[in-house]
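Geometric and topological summary
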Amino acid sequence: MRVHVLPISLAVMWLFPTFSAAANEPSANALQALDQQAAALNRVHNVVVAYEGDIVHELHQDGPGVASPANIKSLSKTVLAAITGAAIEAGVIESVEQPIVELFGEHLPNGLDPRVNEISVAHLLAQQAGLESTSGSNYSAWVASPNWVNDAITRPFVDEPGGQMLYSTGTSHLLSAALTHASGETTHALAQRLLGDPLNINIRPWLRDPQGIYFGGNDMQLSPRALIEIGELYRNDGIVLDESGNAQRVLPEGWVAASWLPRGSSPWTGDGYGFGWFITQLAGEDVYYGRGYGGQALYVIPEREMTVVITSDPNPPSPGGKFQQQLNRLIETLLSPL
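None of the values given here were measured: they were computed from a predicted structure.

1. Quick word on unusual backbone geometry
Look at the link from Pro-316 to Pro-317: it is a cis peptide, with omega at 0°. Looking at the element boundaries, Pro-317 is found in the loop between strand 13 (306–312) and helix 13 (321–335). Located in the positive-phi region is Gln-127, a residue other than glycine, with phi close to 60°. You can see Gln-127 is positioned in the loop between helix 6 (121–125) and helix 7 (139–143). Overall, the relative accessible area of 1% leaves Gln-127 in the buried class. For Ala-283, which is not glycine, the phi torsion reads 50° and is therefore positive.

Dropping the structure here:
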């Protein structure tokens, strides 16, 4: 793994080293209980636990292993948010307040609803574009359309930009297209250059739309260990240290706090939603997580200095919303004082 910047000062660690380790590190009993619970969930493939930047536990029980790329489904939205933050830090786009029409330039269809001019990068990140969703019952028709971007951006407005959270993979795909047109690079090239290279992880090419835009918000291929690195990047406020001890800011200052600020809420769980991250509490701790179909999940628990990745069988049929609750219970077990 990369060497990471610690989220608390060395002075605090010096004053309270024993207490910190005892209070935060997952116990052997908790890890054993985690494995027992995960074994009962035959859809789960891998569970990887990192503490203070080091992987301290790995469970593999099916499917691709902890170092092998897996389809992370809509957990891709969390990764896309990280790519967007890295693009802002690199000057590819100005800020989250920038209107997306500026990024698309001439690559938008004519006759759009004037409210499209009000949609910002922040609205796409927070799923607040206001456009009718392309997910759920609309998903199949959307991905069968000849132009995913045009289909998504010409859908009727069902709320104003910046209104309620309207979960839509089409909204995330607009963000991928905006990054592509603004940079002149593919989303994959940006992802590897701005995120993969600093974190020393490999981001493989994934599905593209009919126009060659990389799918925004679905079907990315990342290993559980690579996802740990992305979670650790957020836990360490967007900074990594290379092997020589040189600090590199990958995400803009304040990006993590902005990403973990609730801007809407999930209609299914009631959990808050920021820039690609859900916000909840588990076992009395503030927890930030991304999730994908079938049981793909990335959790960051800052106060416990932990990052956890779970990958599962991504194939239909869906295990249903209760499966996410079961994954949450795995995290609660991990955090319990067993």
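After that view, the rundown keeps rolling.
2. Let's talk about the sheet that holds strand 12 (residues 296–301)
Across the sheet, which stays open at both edges, the eight strands sit in the order 3-2-13-12-11-10-9-8 with antiparallel pairing between neighbours. Here the strands that pair on one side only, and so sit at the sheet edges, are strand 3 (54–60) and strand 8 (264–265).

3. Considerations on the side chain of Asp-219
The topology assignment puts Asp-219 in the loop between helix 10 (187–199) and strand 5 (221–222). For Asp-219, a relative accessible area of 14% gives the class buried. A distance of 3.1 Å separates polar atoms of two side chains, one belonging to Asp-219 and the other to Asn-71. One polar contact links Asp-219 to Lys-73, side chain to side chain, over a distance of 3.3 Å.

4. As for the nonpolar core
The biggest cluster of nonpolar side chains holds 72 residues, and the ones touching the most others in it are Val-79, Ile-83, Leu-195, Leu-222, Ile-230 and Tyr-234. Here the element with the most residues in this core is helix 4 (residues 76–89); it accounts for eight residues. Formed by 28 residues, the second largest nonpolar core is a distinct cluster that contains Tyr-51, Met-165, Tyr-273 and Phe-278.

Criteria and thresholds
Residues numbered from 1 in each chain as written. Predicted model: local features only at pLDDT ≥ 70, side-chain atom pairs only at ≥ 80, totals over all residues. Heavy atoms only, no water. Helix = DSSP H or I, 4+ residues; strand = E, 2+ residues; numbered from the N terminus. Buried < 20%, exposed > 50% of the residue type's maximum accessible area, 1.4 Å probe, protein only. Pairing = 2+ DSSP bridges. Polar contact = N/O pair within 3.5 Å; in protein donor to acceptor, adjacent residues only side chain to side chain. Core = buried A, V, L, I, M, F, W, Y, C linked by side-chain atoms within 4.5 Å.

Limitation: the analysis is restricted to geometry and does not speak to function.
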